[in-house]
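# A structural walkthrough
Each chain, written out:
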Amino acid sequence: MVFSSTLFLFYFLPAFLGFYWLVPVRFKNTVALLASLLFYAWGGLSFLALFLASVVVNFFLIRGMAASAERWKQQIFLIISILLNVSMLFYFKYANFFLDNASAVRSYFGGPPLTWEKVVLPIGISFFTFEKLTYTIDVYRGVNKPLRSFWDFMLYIMLFPKMIAGPIVRFHEIAGQLTDRRAFDTVDEKLAGMFRFIIGLSKKVLIANVLGEQADRIFALDPTTLPVAQAWLGALAYTFQIYFDFSGYSDMAVGLGRLMGFQFPENFNSPYVSRSITEFWQRWHITLGRWMRDYLYIPLGGNRVNTSRLYINLWTVFILSGFWHGAAWTFIVWGAYHGFWLILDRLFLLRLYRRAGALNIVPTFLITVVGWVLFRAETLTQAVAYIGRMLGQFHPRRVVSWEGVAAPPPTVPVMDWHQFGSQFWLLLALGAFFAFMNALPALERRNLNLYAAHTHSLRQSLVLTLGTALLFLLSASSIVGSSFNPFIYFRF
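What you see is a predicted model, and the numbers here were worked out from it, not measured in a lab. (Residues numbered from 1 in each chain as written. Predicted model: local features only at pLDDT ≥ 70, side-chain atom pairs only at ≥ 80, totals over all residues. Heavy atoms only, no water.)

## Quick notes on the packing of aromatic side chains
So the rule is basically this: Two aromatic rings, drawn from Phe, Tyr or Trp (for Trp, its six-membered ring), form a pair once their centres lie within 6.5 Å of each other, and the interplanar angle then sorts them: stacked below 30 degrees, edge-to-face above 60, tilted otherwise. Starting at the N terminus, helices and strands are each numbered in turn, a helix being any DSSP run of H or I of at least four residues and a strand any DSSP run of E of at least two. Note on classification: 1.4 Å probe, protein chains only; a residue is buried when its accessible area is under 20% of the maximum for its type, exposed when over 50%, partly exposed between these limits. Whether a charge sits over a ring depends on NZ of Lys or CZ of Arg being within 6 Å of the ring centre and within 35 degrees of the ring normal.
Taken as a whole and judged by the stated rule, the model has 69 aromatic pairs. Plain terms: the ring middles of phenylalanine 90 and tyrosine 94 are 6.2 Å apart, the flat faces sit at 50 degrees to each other, and that makes the pair tilted. You can see phenylalanine 90 and its partner tyrosine 94 sitting in helix H3 (residues 71-108), four residues apart, about one turn around the helix. A residue is classified by how much of its surface remains accessible, and tyrosine 94, at 6% relative accessible area, is buried. Both rings, one in tyrosine 337 and one in tryptophan 341, keep their centres 6.3 Å apart while their planes meet at 75 degrees; by these two values the pair is edge-to-face. Taken as a pair, tyrosine 337 and tryptophan 341 lie in helix H13 (residues 329-353) at a separation of four residues, close to a single helical turn. Judged by relative accessible area, which is 17%, tyrosine 337 ranks as buried. The lysine or arginine in question, lysine 28, covers the ring of tyrosine 20, its NZ or CZ lying 4.8 Å from the ring centre. Over the ring of tyrosine 156 we find lysine 162; its NZ or CZ atom is 4.8 Å from the centre of that ring.

See the structure below:
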């Protein structure tokens, strides 16, 4: 069940909010947990028992760790918990990848290919694995005491707004809200939450879906036959699609959290106005970046190691980050690509960028667009060919026969600008406008303040209400009238 489906919008959400807001405070966690179980079971019933079993085991492992007086015993509980969670993630997400590669190597040396029954990926496993790990590590580090109630712990792991695709909420960020969120149970918070949810829904269905449909069409073509302009257009369409798709989902999750009295961390902050790849990762998927920093990069030594070790650690973290996104070489290379630019930032690019100011947005954005081709392509071969076309390579006129004689030049492919329709061009322009408007610092501050506000004046409340109603009508019309409604991060 995705947030932008008719089932969720017109049945699940109204029924849930009706119950949740009406029941006394002491029953709110129960309603939220039952709704979360139903939400997960709707899309992953076959994995629910396994998932619940892992939650139970983790809860008692952490209780055992907290009850142990000796540090070495705590470390044993910590290691068991980490091994359990990482093993589950490794098996469900990466078993097919490693067996595929082992089979390819075996076939290369003349052996028969391996055969096995494909492992099905449970939805949301990447996200809830990270949240179980953060609970374990936060308790081990003494950042927070373990929850006394098993049901509160289960609610933390399974809370449906953030369970499938984040944001990755670290335990200490909402530990207090799991037991008492009366401070955020106000009319203003509910209005702000509804507004934020509808903003995210609009980003997803009004912009991302339209751009994604054309991006899919272009990436499905043979990249070597694409006109250069069309190759760039496909990459740009995907660049804006993935931003409005994922940030839209995060907005919806944050909005749902506020409707329930939770304050989730922000996951995006206008990443395409970044002036370096270093800044990009402070604005894109912020909760993942912080998780990788606190639970992987710093334990590896952080900035306290020598320069060469620091670069190796940085690259390692980003390769693992790419691998976390998906079990394919394209994601690994995408992670390595970003790690490469981060190292160049530290070597000399950041010093170079200081001279150009806001103009650095342009090269940073172009680096990001090329990276998204790696992320979007089905294979590395397709990615290389596609990027080659964007750079003007593999042009049919340059094909040379084995005899060294230029092959007859075929017709030069030319993009038909009218094939995409006026709606696509309009939404591409709007997407670019919304993605870059926060390049103006004053506008960025105003938008951030609007999202973070806990109280509103009467005038602001009226504007938010009218804006929410209008955007909801437009979004609902789009959802009912279109069958194209994928969500990119669901597969992670």
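Further notes follow.
## A closer look at the nonpolar core
The nonpolar side chains of soluble globular proteins are, as a tendency, buried together. To be explicit about the condition: Residues belong to a common nonpolar core when they are buried Ala, Val, Leu, Ile, Met, Phe, Trp, Tyr or Cys residues joined through side-chain atoms within 4.5 Å. Every residue pair with non-hydrogen atoms within 4.5 Å of one another is taken to be in contact.
Of all hydrophobic cores here, the largest spans 141 residues; its most connected members are Phe3, Phe8, Phe160, Tyr272 and Trp284. When residues in this core are grouped by element, the largest group, 17 residues, is from helix H9 (residues 228-260). If sequence neighbours within four positions are ignored, phenylalanine 3 has contacts with Phe8, Leu9, Phe39, Phe160, Pro161, Phe197, Leu201, Tyr249, Met252, Ala253 and Leu256.

## What about unusual backbone geometry?
Of note in the backbone geometry, serine 270 takes a positive phi value of approximately 45 degrees without being a glycine. Mapping serine 270 onto the fold places it in the loop between H9 and helix H10 (277-283). Unlike most non-glycine residues, histidine 285 shows phi in positive territory, near 40 degrees. Mapped onto the elements of the fold, histidine 285 is located in the loop between H10 and helix H11 (286-297).

## As for the environment of tyrosine 156
Residue placement: tyrosine 156 occurs in helix H5 (residues 150-158). Taking the C-alpha atoms as reference points, tyrosine 156 and phenylalanine 128, separated by 28 residues in sequence, lie 9.6 Å from one another.

## A few points about a nonpolar patch on the surface
What counts, and what does not: Put simply, a patch holds well-exposed residues, over 30% relative accessible area, that have no salt bridge, with like charges counted together within 9 Å and Val, Leu, Ile, Met, Phe, Trp or Tyr side chains within 5 Å. Exposure was quantified through the Shrake-Rupley algorithm and a 1.4 Å probe, taking into account, for residues, occlusion by the shown protein chains and nothing else. Within this document, salt bridges are pairs made up of a side-chain nitrogen of Lys or Arg and a carboxyl oxygen of Asp or Glu, the two lying within 4 Å of each other.
A cluster of nonpolar side chains, Leu426, Leu430, Phe433 and Phe434, forms an exposed patch at the surface whose accessible area comes to about 370 Å². Along the chain, leucine 426 falls in helix H16 (residues 421-436). What makes leucine 426 exposed here is its relative accessible area of 53%.

## What about H11?
For the α-helix, the turn length of 3.6 residues means that residues three or four positions removed from each other point alike. Of all the residues in H11, the buried ones are Ile286, Thr287, Leu288, Trp291, Met292, Asp294, Tyr295 and Tyr297. Contact partners of the buried residues in H11: helix H4 (125-141), helix H7 (171-174), H10, helix H12 (307-325) and H13.

## Observations regarding the pattern of salt bridges
All told, the structure shown has 17 salt bridges when counted by the stated rule. Note that aspartate 216 is salt-bridged to arginine 376, the shortest N-O span being 3.0 Å. Pair noted here: aspartate 216 is in helix H8 (residues 187-219) and arginine 376 is in helix H14 (residues 361-376), with a separation of 160 residues, a long-range link. Accessibility expressed as a relative area gives 13% for arginine 376, which makes it buried. The residue aspartate 294 makes a salt bridge to arginine 293 at a minimum N-O spacing of 2.8 Å. A residue is classified by how much of its surface remains accessible, and aspartate 294, at 16% relative accessible area, is buried. One salt-bridge network, in which partners are shared between bridges, spans Arg170, Glu173, Arg293 and Asp294.

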